[in-house]
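# Remarks on the overall topology
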Amino acid sequence: MAPHPGIDTDQIREKIRRDLFGLLEGIQGKKNLVIEKSLADVIGIFVKFSTLQEHGVDKLFLLENNNVDSSQKNVVFLARGEKALKPIAVAEQIQRLQKNSSIEHDFSVIWAPRRTLVSDKILEESGVLGDLSVEVLPLYFVPLEQDVLSLCFEDSFSDIYLRRDPTSIFLGAQALMDLQNSHGLFPRIIGKGDQAQRLMELLLRMRSEAAAEDNATTFGPMPSAYVESLIVIDREIDMATPLLTQLTYEGLIDEMFGIQYNSAEIDSSIVGPAPGAQQPARAEGTVAPGLKRKIMLDSTDKLYDQLRDTNFAIVDGLLNKVARRLQSDMHSPRDAKSTSELKEFISKLPGYQAEQQSLRVHIGLTEEMLKHTQSEIFRRCLEVQQNLADGTDPSSQHDSIEELIARDVPLPIILRLLCLESCVSGGLRQRDLENFKRLLLQAYGYQHLLTLASLEKMGMLKIRASANILFNPLGAGSGTVENSSTNYNYLRRVLRLIVDEVDEQNPNDISYVYSGYAPLSIRLVQCILQKQSLLAFTRGTQAPSTANGVASASNTSHGWQGFESALSNVRGATFSKVQKGEDAATKARNMLQGSAGGKVKTVVLMFLGGITFTEIAALRFLAKQEEGRRKLLICTTGIISGNSIMDAVMEKEDFSKG
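As a starting point, this report considers the structure included with it. (Residues numbered from 1 in each chain as written. Predicted model: local features only at pLDDT ≥ 70, side-chain atom pairs only at ≥ 80, totals over all residues. Heavy atoms only, no water.)

### Brief notes about the packing of helix α17 (residues 411-425) against helix α27 (residues 642-649)
The line we're drawing: Note on method: axes are straight lines fitted to C-alpha atoms, helices fitted across the in-contact stretch only, with angles between N-to-C directions ranging 0 to 180 degrees. Helix and strand definitions here come from DSSP, where helices need a minimum of 4 consecutive H or I residues and strands a minimum of 2 consecutive E residues; each element is numbered from the N-terminal end. Any angle between 65 and 115 degrees counts as roughly perpendicular, while under 35 counts as roughly parallel, over 145 as roughly antiparallel, and the rest as oblique. Residues count as neighbours in contact if any of their non-hydrogen atoms are within 4.5 Å of one another. For this classification, Asp, Glu, Lys and Arg are treated as charged, while Ala, Val, Leu, Ile, Met, Phe, Trp, Tyr, Cys and Pro are nonpolar and the rest, including Gly, are polar.
Viewed as axis vectors pointing N to C, α17 and α27 meet at an angle of 100 degrees, and their least axial separation amounts to 10 Å. Judged on the interaxial angle alone, α27 and α17 are roughly perpendicular. Residues Pro412, Leu415, Arg416 and Cys419 of α17 form the contact with α27, whose participating residues are Gly642, Asn643 and Met646. Residues belonging to the contact of α17 with α27 are distributed by class as follows: 4 nonpolar, 2 polar and 1 charged.

As structure tokens, then:
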């Protein structure tokens, strides 16, 4: 995907590299680098170990392994200092080296993205703060793709909604403020949700503080000529979507294997050994089980880039077409009639070999995923999910859920089903919730009292206040106060979240990503970007695209206009804030740069609390419809899934073992 005008993700990536290399080169001589595992994965996206070696790094250690040695005088720690755990680990390893090493070490700590009072206090109380130098790597938005920027905070969802820790909101605002300092103010900030409003208020306060300190850059006080608006979506307004099983190719890989920072560790028996890897002697065509291979899953793999956002139902057919085309290309030398044609084929041979290797990997993945999706348990769970999303009476699904519990289906799957029912139905009846709690504790262990308490604290599992919540098709009026929960029953109808006929091969609506369910979070983005076509689509007069396949655009300056009734049935605050610069500065900028009319502008989308790969696929579908008019830049605190949400709240200790 092409870089965004004015906001070039390649420039952001290069700035991170320069900042990191500058900090490392500032420490003279060879050095051992001790890095937090999650940061190692993030930095590994755009920096190889060989490149670190060129900048003085001798050995690389993971902070969590607690195994740094004394082979170099210089020891550099790179970690996040937002929470106490990492500074404590840094202090303990410094103390251990000071006690056991015969070398007098020079210690340095690089905090990312900022230095905190917590980290300083812990290092000071440990008696090591005076023995080291402290630096900062401003690692905020990390480009995962040309159209995706992430803060890469693994715990952002649980921090915001379970622990009520506003750190992720503050750092998200700081990251967006950096974009404003570089590219100009967001002309309009539009959003939905209480936490989204907090982020917007922080952003405005940061702008005021920067203006007061006179630290704004040349274009800081003026609205951007390249950015149309900032749309902020609070994850809390649509908790149901990430609980559904993702049905795009990339989303399903994440569900089954887990994707961490553009890579996944897959069993070699599925995807084959790495090219050139030595394998133990075994029967021909087999690979030793249990050996993991790290697979890169990003746009550098052209085949993956073609498959990632498609519905998994059509992936098998696409792979067959690629295999036939590649086979034909590989046999083309037989038809060559001249040396120039042979020379051209040889020049393309490395590309064919790389594509062949990629095809082998994705065929292996697809075969494994087909086994999973054709299993009875998967189909049963998917049926329950789709019935709940469709608005079927939730009590009719309870027998199926109880049967899944009796069959010892993994707890995260059961919790996702119960939380999905709670979200779309306004809660569970009290007797049903108590019955499920008893079944879960008896089947999976009483330590999950804490798991259930965490889900209740986040509002993902709760008692239904009344039957009216479930069976109210009229919703709240546009003049009512903000809802404390999202009324999916009403929104299912007015925003047409369920689409009966879906063409997964040639989709004309975002609902293809869930085979008939349109994610509410992305429908709300359509309320701003594709206002007229969405209004027509929800009334059933046409598809959400015109006859020539291009959705009718609307100017984001109109904000939420036309969807006030729907928004009053979505949880949280609604806002649309205009940012204006100094008139004289704006006029001067326009004279120097010319009018921005006719230019393709960028809409920045900030998903606070996380976004799923399937929602990203839906946004890319919108971006294709908007091509030529505007570009979409997706920003988020982190990539999430139903599994990651449940993993964050599940109690890991087994209290029965004493």
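Picking up after the structure, the text goes on.
### Notes on the sheet that holds strand β4 (residues 106-111)
Basically, it comes down to this: Whether two strands pair comes down to DSSP finding at least two bridges between them.
Spatially, β2-β1-β3-β4-β5 is the arrangement adopted by the 5 strands of the open sheet, whose pairing is parallel. With one partner strand each, in any of the chains shown, β2 (57-62) and β5 (132-136) form the two edges of the open sheet. Neighbour-to-neighbour, the strand axes of this sheet turn through a mean angle of 20 degrees, independent of strand direction. Two strands pair when backbone bridges link them, and strand β3 (residues 74-79) and β4 are joined in this way by 6 bridges, in the parallel orientation. For asparagine 74, the partnering residue across the bridge sits in β4 and is aspartate 106. Contacts between helix α1 (residues 9-25) and the sheet are confined to β1 (31-35), β2, β3, β4 and β5, with β5 contributing the most and set at about 165 degrees to the helix. On the sheet, helix α4 (residues 85-100) packs against β1, β3, β4 and β5 and is oriented at approximately 170 degrees with respect to β4.

### Comments concerning the environment of threonine 167
Relative to the helices and strands, threonine 167 resides in helix α7 (residues 167-183). Sequence separation between threonine 167 and serine 156 is 11 residues, and the spatial gap between their C-alpha atoms is 8.5 Å. Ignoring any residue separated from it by four or fewer positions in sequence, one finds threonine 167 in contact with Glu82 and Arg114.

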